[in-house]
Amino acid sequence: VFLMIGSISYNAVIVQLGHASDRTWNSFFVAYAWEFALGLLLGLKRETRFFNLPIWIYLLAWAGGLSLMALLTVKLGQTGRLMNDIPAFFAITGFVLLVFHLMDKLEFLHPLKKFFIKQGNISFDFYLVHYIGFSLLFHFGYLIHLSYSWWILPFLVLFSLGLAYAFNTLSSWVLKRISG
């Protein structure tokens, strides 16, 4: 709660100072500290009742968060985009919990759930290398004068997933060597 109040206060200050569009100000870690703290807290609580709520609560979090996020973005422009992280968190969390809740209930979705859980093992690695993957592909595409369209997105994701798997394998090997 302290970090959330701090992040909201920081965002309010940069809006008042007129720096809402300035990447240096709006990407400073204080603006997002609450997300890391909440992620850690939810990770510790993953086995609790929070993840076994009725489906309508997940729907409400998803729809409400998405609606508020859209309203902030459309009505307040850059300031709204800066302040929409909390509604976005509720929207994304509600959607993910809804999907996982449905995957538990519907037998034919069990393989998909296993796939997502397996991908969770490399999600941090994907986060670390996705920009490198996208940058490499765009750079090499520029060199051969390739024009990009929506069709390239699946290729970009697959390329970055491949980089993430390679990075995960290499970092796991190095950590095993270091730890003995």
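Note that the structure is predicted; figures quoted are calculated from it, not measured. (Residues numbered from 1 in each chain as written. Predicted model: local features only at pLDDT ≥ 70, side-chain atom pairs only at ≥ 80, totals over all residues. Heavy atoms only, no water.)

1. What to know about the side chain of Asn11
Counted only if it meets this: Starting at the N terminus, helices and strands are each numbered in turn, a helix being any DSSP run of H or I of at least four residues and a strand any DSSP run of E of at least two. Summary of the burial criterion: residues with accessible area below 20% of their type's maximum are buried, those above 50% are exposed, and those between are partly exposed, where the area comes from a 1.4 Å probe applied to protein chains only. When checking whether two residues touch, look at their non-hydrogen atoms; a contact exists if any pair is within 4.5 Å.
Tracing the backbone shows Asn11 in helix H1 (residues 2-16). Given a relative accessible area of 5%, Asn11 falls into the buried group. Setting aside anything within four residues of it in sequence, one finds Asn11 in contact with Ala31, Leu82 and Met83.

2. Side note on the nonpolar core
Using the following cut-off: We call a set of buried residues a nonpolar core when its members are Ala, Val, Leu, Ile, Met, Phe, Trp, Tyr or Cys and they connect through side-chain atoms within 4.5 Å of each other.
Grouped together as the largest cluster of nonpolar side chains are 5 residues: Tyr10, Ile14, Ala20, Ala31 and Leu82. Those residues within four positions of Ala20 in sequence are excluded, and the remaining contacts are Ile14, Val15, Asn26, Gln78, Thr79 and Leu82.

3. A word on the pattern of salt bridges
Note the threshold: Here a salt bridge means any side-chain nitrogen of Lys or Arg lying within 4 Å of a carboxyl oxygen belonging to Asp or Glu.
For the structure shown, the criterion picks out 1 salt bridge. Note that Asp104 and Lys113 form a salt bridge whose closest N and O atoms lie 2.4 Å from each other.

4. Thoughts on the environment of Ile57
Here Ile57 is to be found in helix H4 (residues 55-83). It is 8.8 Å that separates the C-alpha atoms of Ile57 and Leu98, two residues lying 41 residues apart in sequence.

5. Some points on the packing of helix H3 (residues 33-44) against helix H5 (residues 85-105)
Defined as follows: To get an axis, fit a line to the C-alpha atoms, keeping to the stretch in contact for a helix; angles then go from 0 to 180 degrees between the N-to-C directions. Orientation categories follow fixed angle ranges, with anything under 35 degrees roughly parallel, anything over 145 roughly antiparallel, 65 to 115 roughly perpendicular, and all other angles oblique. Note on convention: the crossing is left-handed when the near helix lies turned anticlockwise from the far helix by less than a right angle, right-handed when the turn is clockwise. Three categories are distinguished: nonpolar for Ala, Val, Leu, Ile, Met, Phe, Trp, Tyr, Cys and Pro, charged for Asp, Glu, Lys and Arg, and polar for the others, with Gly belonging to the last.
Where H3 contacts H5, the axes come no closer than 11 Å and their chain directions differ by 25°. The angle between H3 and H5 places the two elements in the roughly parallel class. For the element pair H3 and H5, the recorded crossing hand is right-handed. Where H3 approaches H5, its residues Trp34, Glu35, Leu38 and Leu42 are matched on the opposing element by Asp85, Ile86 and Phe89. Its residues assigned to classes, the contact of H3 with H5 shows 5 nonpolar, no polar and 2 charged.

Everything listed here is a matter of geometry and, on its own, says nothing about what the molecule does.
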